[in-house]
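# Reading the structure
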Amino acid sequence: MQTQVLNALAGTCQQDIAETMGIDSGTITRLKDVHLIKLCNLLAALGLKIVPMELKCYNPEMVKMIYALARDNLMKSEEVDDFFHDDARIQIAEGTYKPRASVRDVHIGSSKDE
């Protein structure tokens, strides 16, 4: 955690950080040199961590459930057309259904003229 903070500080102008916080840039240096380890330990003791702002955090249990649902439904599918069965039902009722080519019928690198 300390490394993340130090790397972020190294890639940013301390004067800009100080102005954003409304403090002197020397205070940033003192915070870094004197209090950084204590602050990182405090965050760790609270069960918190530092991550870049662009990252999103998700509950692992929720991800596990979504993965299981996706896996189970994908395992039921035998070919791509299985994902379009609702569209096919409507087209069959309208009399406009045209089956898509099966994956087994598609030959990569061959043409219809062969």
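Below is a short write-up of the structure. (Residues numbered from 1 in each chain as written. Predicted model: local features only at pLDDT ≥ 70, side-chain atom pairs only at ≥ 80, totals over all residues. Heavy atoms only, no water.)

## Describing the nonpolar core
By size, the foremost hydrophobic cluster in this structure holds seven residues: Val5, Leu9, Ile17, Ala18, Ile28, Leu36 and Cys40. Those elements giving two or more residues to this core turn out to be α1 (2-10), α2 (14-21) and α3 (25-45). For this core, the leading source of residues is α3, giving three residues. If we skip the residues at most four places from it in the chain, Leu9 touches Ile17, Ile28 and Lys32. (Core = buried A, V, L, I, M, F, W, Y, C linked by side-chain atoms within 4.5 Å. Buried < 20%, exposed > 50% of the residue type's maximum accessible area, 1.4 Å probe, protein only. Helix = DSSP H or I, 4+ residues; strand = E, 2+ residues; numbered from the N terminus. Contact = heavy atoms within 4.5 Å.)

## What about a nonpolar patch on the surface?
A grouping of Leu39, Leu42, Leu46 and Leu48 is seen on the molecular surface, where their side chains present a nonpolar patch of about 390 Å² in accessible area. Within the secondary structure, Leu46 is located in the loop between α3 and α4 (60-76). According to the relative accessible area criterion, Leu46 is exposed, its value standing at 55%. (Patch = residues over 30% accessible without salt bridge, like charges linked within 9 Å, V, L, I, M, F, W, Y side chains within 5 Å. Areas by Shrake-Rupley, 256 points an atom, 1.4 Å probe, with all protein chains shown as cover. Salt bridge = Lys/Arg side-chain N within 4 Å of Asp/Glu carboxyl O.)

## Some remarks on the packing of α1 against α3
Following both chains from N to C, one finds α1 and α3 inclined at 160°, their axes separated by 10 Å at the closest point. Between α1 and α3, the angle falls in the class roughly antiparallel. Handedness of the α1/α3 crossing: right-handed. Between α1 and α3, the contacting residues are Gln2, Val5, Leu6 and Leu9 on the first element and Ile28, Lys32, Leu36, Ile37 and Cys40 on the second. Classifying every residue of the contact of α1 with α3 by side-chain character gives seven nonpolar, one polar and one charged. (Axes fitted to C-alpha atoms, helices over the stretch in contact; angles between N-to-C directions. Parallel < 35°, antiparallel > 145°, perpendicular 65-115°, else oblique. Left-handed = near helix turned anticlockwise from the far one by under 90°. Nonpolar A, V, L, I, M, F, W, Y, C, P; charged D, E, K, R; others polar.)

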